[in-house]
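Here are the chains, one letter per residue:
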2 protein chains.
Amino acid sequence: MTCGSYLIDRLHQRGFRMTPQRMAILHTLRRAGGHLSATEVFERTRRAQPGLTEPTVYRTLEFLAENGYALAAHIGGGKLVYELTEENHHHLICKKCGKTISVEYTVLASVYEQLQLSTGYKLDSSHVTLFGLCPDCQT
Amino acid sequence: MTCGSYLIDRLHQRGFRMTPQRMAILHTLRRAGGHLSATEVFERTRRAQPGLTEPTVYRTLEFLAENGYALAAHIGGGKLVYELTEENHHHLICKKCGKTISVEYTVLASVYEQLQLSTGYKLDSSHVTLFGLCPDCQT
DNA sequence: TTCCTTATTGCAAGTAGTTGCAATAAGTAT
DNA sequence: ATACTTATTGCAACTACTTGCAATAAGGAA
Ligand SMILES: [Mn+2]
Ligand SMILES: [Mn+2]
Ligand SMILES: [Zn+2]
Ligand SMILES: [Zn+2]
């Protein structure tokens, strides 16, 4: 039916509920395919859900990310974006022009394992964002 | 004299100016020793500089970080903090309890070099923040 | 269907951070 | 000292994000 239906059982098993708002926000994320800010999600989802409010969007996105239904990424300048969980990947972002490239999930795996051993911290090893300067901006 | 005096020549060489506001903000950062948010910097610096405004604080901190006079770090939840450049280090932050530990600068050097070779990006290799769960929060 | 519990939402008000622009004042030259 | 250039600031208005709380409604039980 709608594009969030597949989640209903998983939500219920954990005591959560499916709502029209969550359904619509999931639909927006699915349709976008890539990274969206909370404001973008709000503006796009509102078209199908006129009553939708900003706090609901912020809380829903946080909820989805915390429970593994979506990925969050800090992309610099304090900006936070979300996307639906697809295959695992990381990002390199150019601080100057904003150009973003994806990095294989496996590239960071060994380093993170080493750090986990030496510190005891269990590190996020998915959807990590690294910053730098792209080839064009290194003048 | 005041704790930002040592910067005056370096600023002038680049066409920048030293101001009472910058001096006072540098003094606040120096005295704190560790990470401070923009709001914390504003509230502390205002005590010595009553006319100081928020935009000036935000712009000054951004200026200091962009020009290598201070370090910025995203510490999760969209929070951004600043500190004066001392010895190089990274941070591991627990997403649950917020506990932060420092990591040797050298730990990440080799990985970042490899990534630079494979992507062409020149990556930030100082004051990197990684997220995860500390030993206590891994239940 | 109807009732019940409580997760979730909307509202209203608040805090945090940003931006355009005119006024100020740091530094330099005369 | 004085005048000049323009980097920097303060102001005001704006956008982004958060929070407490009462009202709503999802899901389960009777
Ligand atoms: Mn991504
Ligand atoms: Mn630090
Ligand atoms: Zn670039
Ligand atoms: Zn912890």
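Residues numbered from 1 in each chain as written. Chains lettered and ligands numbered in written order. Predicted model: local features only at pLDDT ≥ 70, side-chain atom pairs only at ≥ 80, totals over all residues. Heavy atoms only, no water.

Enquirer: Go over unusual backbone geometry, please, and point to the residues and values.
Expert: Positive phi outside glycine occurs at histidine 127 of chain A, with the angle close to 55 degrees. Structurally, histidine 127 of chain A is set in the loop between strand E6 (122-123) and strand E7 (129-133). (Helix = DSSP H or I, 4+ residues; strand = E, 2+ residues; numbered from the N terminus.)

Enquirer: Can you break down the domain arrangement of chain A residue by residue, with the values?
Expert: All names here are of chain A. Each domain of chain A was delimited in the assignment, giving domain 1 (3-84) and domain 2 (89-132). Placing a centre on the C-alpha atoms of domain 1 and another on those of domain 2 gives a separation of 23 Å. When the area that domain 1 buries against domain 2 is broken down by residue, the three leading residues are His35, Leu71 and Ile75, summing to 51%. The interface formed by domain 1 and domain 2 includes zero salt bridges. For the pair domain 1 and domain 2, the number of links is six residue pairs in polar contact (both at pLDDT 80 or more). No other element matches strand E2 (residues 70-74), which puts four residues into the side of domain 1 that touches domain 2. (Domains from an automatic or database assignment. Buried area = accessible area lost by both parts, 1.4 Å probe. Salt bridge = Lys/Arg side-chain N within 4 Å of Asp/Glu carboxyl O. Polar contact = N/O pair within 3.5 Å; in protein donor to acceptor, adjacent residues only side chain to side chain.)

Enquirer: Any chance you could break down the sheet that holds strand E3 (residues 80-84) of chain B for me, citing the residues and the numbers?
Expert: Residue and element names in this part refer to chain B. If you walk across this open sheet you meet the three strands as E1-E3-E2, and the pairing is antiparallel. Two strands lie at the open edges of the sheet, namely strand E1 (36-37) and strand E2 (70-74), each paired on one side alone. One ladder, built from five bridges, connects E2 with E3; its direction is antiparallel. In the sheet register, leucine 71 faces E3, and the bridge partner there is glutamate 83. The strands that helix H2 (residues 20-32) touches are E1 and E3; relative to E3, the one it contacts most, it runs at about 85 degrees. (Pairing = 2+ DSSP bridges. Contact = heavy atoms within 4.5 Å. Axes fitted to C-alpha atoms, helices over the stretch in contact; angles between N-to-C directions.)

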